[in-house]
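Fold and contact review
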Amino acid sequence: MNNEPGRSLKLSVSGLKGINFLVESTEYEPSPNAKISIAAMYQILNVTLAVLIAKNYIYCYKSCKDMNKRWAVRDNADEDLVRKLSAELNIDTVLSSLLVNRGISDYEGARYFFRPDQRHLHDPFLMKDMEEAIVRIETAIAVGEKILVYGDYDVDGTTAVATVYSFFSKQYKNMEYYIPDRYKEGYGISTQGIDYAAQHGFSLIIALDCGIKSVDKIDYANTLGIDFIICDHHLPGAHLPAAVAVLDPKRADCEYPYKELSGCGIGFKLIQAYAEKNGIQFEAVAQYLDLACISISCDIVHITGENRVLAHFGLQKINTGPCIGVKTLIEIAGKTPGCLTISDVVFLIGPRINAAGRIDDAKHAVELLIACDENVARAKGLMINTRNTERKGHDLTITDQALDMIDSDEVLIGKKSTVVFNKDWHKGVIGIVASRLTEKYYRPTIVLTQSNGHVAGSARSVLGFDLYEALCECKDLLIQFGGHKYAAGLTMLPENVEAFKDRFEEVVSTTISAEQLIQQIQIDAELRLSQIEPKFFRILNQFAPFGPENMAPVFISKNVYVSGNAGLVGQAHIKMAVMQEGTAAFDCIAFNHGEYLPQLKPGVPFDICYSIEENIWRERRTIQLNIKGMRF
Ligand SMILES: [Mn+2]
């Protein structure tokens, strides 16, 4: 677990102001992980403007007409604390307020935040049952038992299986992996999977990213003499399954210091523990950090604490030496490793891995991720890419059809919820379509299709509205439902669809607040444009990697003016420069704000909210404001 030599910290001696790395250079030299190429942004944003809301990726499909978003400025952080931290670190008070709002209030906390270190990874044996899990695996290997690595079909599950399977199969050959079929077997531990294990002589199953609620299935496996080690990060139910080991930091009796690991993250801790106990170098574990980072980015877990350390080094691995499978996927997506960010991982890698399970079989994703041969990886990668293209086709067609359905129905348009049904829609993409519809008509949304004689649906919510609670109110009309506040799945009988539409609308319209129906832009702080200096930008970049609970900061600047001419890029985006009185002009891009163009006149003041990015265009690097909203 040695820190790389070049990254060692220069700690300032007590009495010195600030952290050396923050003050030693005022040169404009942004960190490599924070580069955002405008070409990349265009590729993504021309079609879809993606915004992250709670646990969902919700897309702005085509041009987002409704720009009436609520600007929510965060409450001021404790002023004394902000000033104290600003002095201690010798940084702008706006930056120290961002830190305070992230729960960082002293020098040590700032050092931990700005300088992720592999030594910050927690001892895996702090996790309840880790000892039992490792002993069981050691026994299995010692006596030559067959081990089955079992995982979910999404990005988190497949990266977890790839990590654990690859690591152990390097020391032990009597292993296989198993991914349940999304449609035939569904989520979690399946009877079919256990039967497969029994028929093929497996006596130990390591389950990843699922299993915490599979009490009955584990009982069944026990009757067949099959032991389970469960590595899950979902909330446990009232009873834990009777497995040999249940690794899940969300267990009430687990004292592991960080609770937000991904499913793959738990798998990573498992191999870290095994390596530690068996004298295997940490490098053999660290080579899977790229997969851990992909799972963290795509499973939308918090990018705080240990996850941020894993994501930081994982991103470094992705950019400097990813595994063959990941490298192949990046190339197929038309990129080269080097300056990819978390959002690149989310938009380029995630959908491709997911497409395997949505359209075909998630095993192909695992085969790609564990590939040791470039040709095998290339073939698998191209195949998965084709599945992703098919997925996109379904996704766009169904979204178009659903939008038509809503737009042509005056009653439906006026409702507080969206429920649409078409028996021919592909079940693998209805969740994505629900997210897109939620963005267009910002309200709780359910997309339904026919499946195995039943009607199956995928539901998405808006910030603050508890979808799961709303479905509880409809449960007499449902066969099954499950999920959480922001996303859920459900099945019902075809004859109940109409009654369900009415009931769901009734529940939503009587419980949702007017505020919840307006999309909000969370603003971190007010900024004078003159504060955006190279040093400010350089430190701001070190807040990355960004993700839930550590989003890229959004600022508000009031009374800015257009400098020169504002122009349209593509059909809906504005490119311009803005200035405040007495400041230099800053380049801006405003995706999907084309309708504001007529109002952008010299001498007319307006307010903007934006994030600050680096624009690289023909080798030239400039600071660019990415405008999220304008107010006149
Ligand atoms: Mn997961």
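Keep in mind it's a predicted model, so treat the numbers as computed, not measured.

Rules used in this analysis
Residues numbered from 1 in each chain as written. Predicted model: local features only at pLDDT ≥ 70, side-chain atom pairs only at ≥ 80, totals over all residues. Helix = DSSP H or I, 4+ residues; strand = E, 2+ residues; numbered from the N terminus. Contact = placed C-beta atoms within 7 Å. Pairing = 2+ DSSP bridges. Axes fitted to C-alpha atoms, helices over the stretch in contact; angles between N-to-C directions. Parallel < 35°, antiparallel > 145°, perpendicular 65-115°, else oblique. Left-handed = near helix turned anticlockwise from the far one by under 90°. Nonpolar A, V, L, I, M, F, W, Y, C, P; charged D, E, K, R; others polar. Core = buried A, V, L, I, M, F, W, Y, C linked by C-beta atoms within 7 Å. Buried ≥ 20, exposed ≤ 12 C-beta atoms within 10 Å, placed from the backbone. pLDDT = per-residue confidence, 0-100.

1. As for the overall build of the protein
- The helix and strand inventory of the protein stands at 22 helices and 21 strands.
- Considering only contacts in the protein between residues 6 or more positions apart, those separated by 24 or more positions represent 66%.

2. Side note on the sheet that holds strand E12 (residues 454-460)
- The five strands are arranged E10-E11-E12-E14-E13 in an open sheet whose pairing can be described as mixed. The open sheet has two free edges, formed respectively by strand E10 (418-421) and strand E13 (480-483), since each of these has just one partner strand. Between one strand axis and the next, the sheet turns through 15 degrees on average, direction left out of account.
- Here E12 pairs with strand E14 (residues 487-492) via six bridges, running antiparallel.

3. Considering the packing of helix H17 (residues 374-407) against helix H19 (residues 430-440)
- Direction vectors running N to C along H17 and H19 enclose 45 degrees, while the axes themselves pass 10 Å from each other. Judged on the interaxial angle alone, H19 and H17 are oblique. Crossing hand, H17 versus H19: right-handed. Together, Asp 395, Ile 398, Thr 399, Ala 402 and Leu 403 of H17 and Ile 432, Val 433, Arg 436, Leu 437 and Lys 440 of H19 make up the contact between the two elements.
- Here the residues of the contact of H17 with H19 are counted per class, giving six nonpolar, one polar and three charged.

4. What to know about the sheet that holds strand E6 (residues 175-178)
- Spatially, E6-E5-E7-E8-E9 is the arrangement adopted by the five strands of the open sheet, whose pairing is parallel. Strand pairing shows two members of the sheet lacking a second neighbour, E6 and strand E9 (245-247), which therefore form its edges. Neighbouring strand axes in the sheet, compared pairwise and without regard to direction, differ in orientation by 20 degrees on average.

5. Quick look at unusual backbone geometry
- Omega for the bond connecting Ala 544 with Pro 545 falls within 30 degrees of zero, at 0 degrees, which places this linkage in the cis form.
- Structurally, the position occupied by Pro 545 is in the loop between helix H22 (534-541) and strand E17 (555-569).
- For Asp 129, which is not glycine, the phi torsion reads 80 degrees and is therefore positive.
- Positive phi, normally seen in glycine, also occurs at Asn 592, with a value near 60 degrees.
- Position of Asn 592 among the secondary structure elements: in the loop between strand E19 (586-590) and strand E20 (606-617).

6. Section: the packing of helix H6 (residues 130-143) against helix H10 (residues 263-277)
- Between H6 and H10, the shortest axis-to-axis distance is 10 Å and the interhelical angle comes to 70 degrees. Comparing the axis directions of H6 and H10 gives the class roughly perpendicular. In this structure, the crossing between H6 and H10 has a hand that is right-handed. Taken together, the residues of H10 that come into contact with H6 (itself represented by Met 130, Ala 133, Ile 134 and Ile 137) are Leu 270, Ala 273, Tyr 274 and Lys 277.
- Class assignment for the residues of the contact of H6 with H10 results in seven nonpolar, no polar and one charged.

7. What to know about the nonpolar core
- In this structure, Val 149, Val 164 and Ile 206 are the most contacted members of the largest nonpolar core, which totals 101 residues.
- Considering every element that reaches this core, the biggest residue donor is helix H15 (residues 342-359), with nine residues.
- Ignoring anything within four residues of it in the chain, the contact list for Ile 206 reads Ile 147, Val 149, Tyr 150, Val 164, Ile 229 and Cys 231.
- Residues Val 94, Val 100, Leu 540 and Ile 612 belong to the second largest nonpolar core, which totals 38 residues.

8. Quick look at the pairing of strand E18 (residues 573-579)
- As paired elements, E17 and E18 share six bridges and run antiparallel to each other. Its bridge partner being in E18, Val 569 is matched across the sheet by His 573.
- Linkage of E17 to E18, two consecutive antiparallel strands, is achieved through a turn of three residues, within which Gly 570 is found at a positive phi near 65 degrees.
- In this antiparallel pair of consecutive strands, E18 and E19, the connection spans six residues, and Gly 582 shows a positive phi of 80 degrees.

9. Concerning the pairing of E17
- Across two bridges, the pairing between strand E16 (residues 525-526) and E17 is parallel. The partner of Ala 525 across the bridge, within E17, is Phe 555.
- Here E17 runs beside E20; their pairing, made up of four bridges, is antiparallel. Bridging from a neighbouring strand, Ile 556 pairs with Cys 609 of E20.

10. Examining the environment of Asp 395
- Inspection of the secondary structure puts Asp 395 in helix H17.
- Taking the number of C-beta atoms within 10 Å as the measure of exposure, Asp 395 has 24 and is therefore buried.
- Between the alpha carbons of Asp 395 and Val 429 there is a distance of 5.9 Å; along the sequence they are 34 residues apart.
- In contact with Asp 395, not counting residues within four places along its chain, are Val 429, Ile 432 and Val 433.

11. Remarks on the environment of Asp 587
- Within the fold, Asp 587 resides in strand E19.
- Along the backbone, Asp 587 and Asn 626 are 39 residues apart, and their C-alpha atoms lie at a distance of 8.8 Å.
- Look past the residues within four positions of Asp 587 in its chain and what remains in contact with it is Ala 577, Asn 615, Thr 622 and Gln 624.

12. Digging into the environment of Val 462
- Counting through the fold element by element, Val 462 comes out in the loop between E12 and helix H20 (467-472).
- On a C-alpha basis, the gap between Val 462 and Thr 438 in space is 7.4 Å, while along the polypeptide they are 24 residues apart.
- Each residue touching Val 462, except ones within four places of it in the same chain, is listed here: Thr 438, Tyr 442, Arg 443, Pro 444, Gln 516 and Leu 517.

13. Details of the confidence of the model for the protein
- Of the residues in the protein, 89% reach a pLDDT of 70 or more, and the chain-wide mean stands at 88.
- Long-range and interchain partners of residues 1-66, a stretch whose pLDDT sits below 50, account for 108 contacts in this model, where long-range means more than four residues apart.

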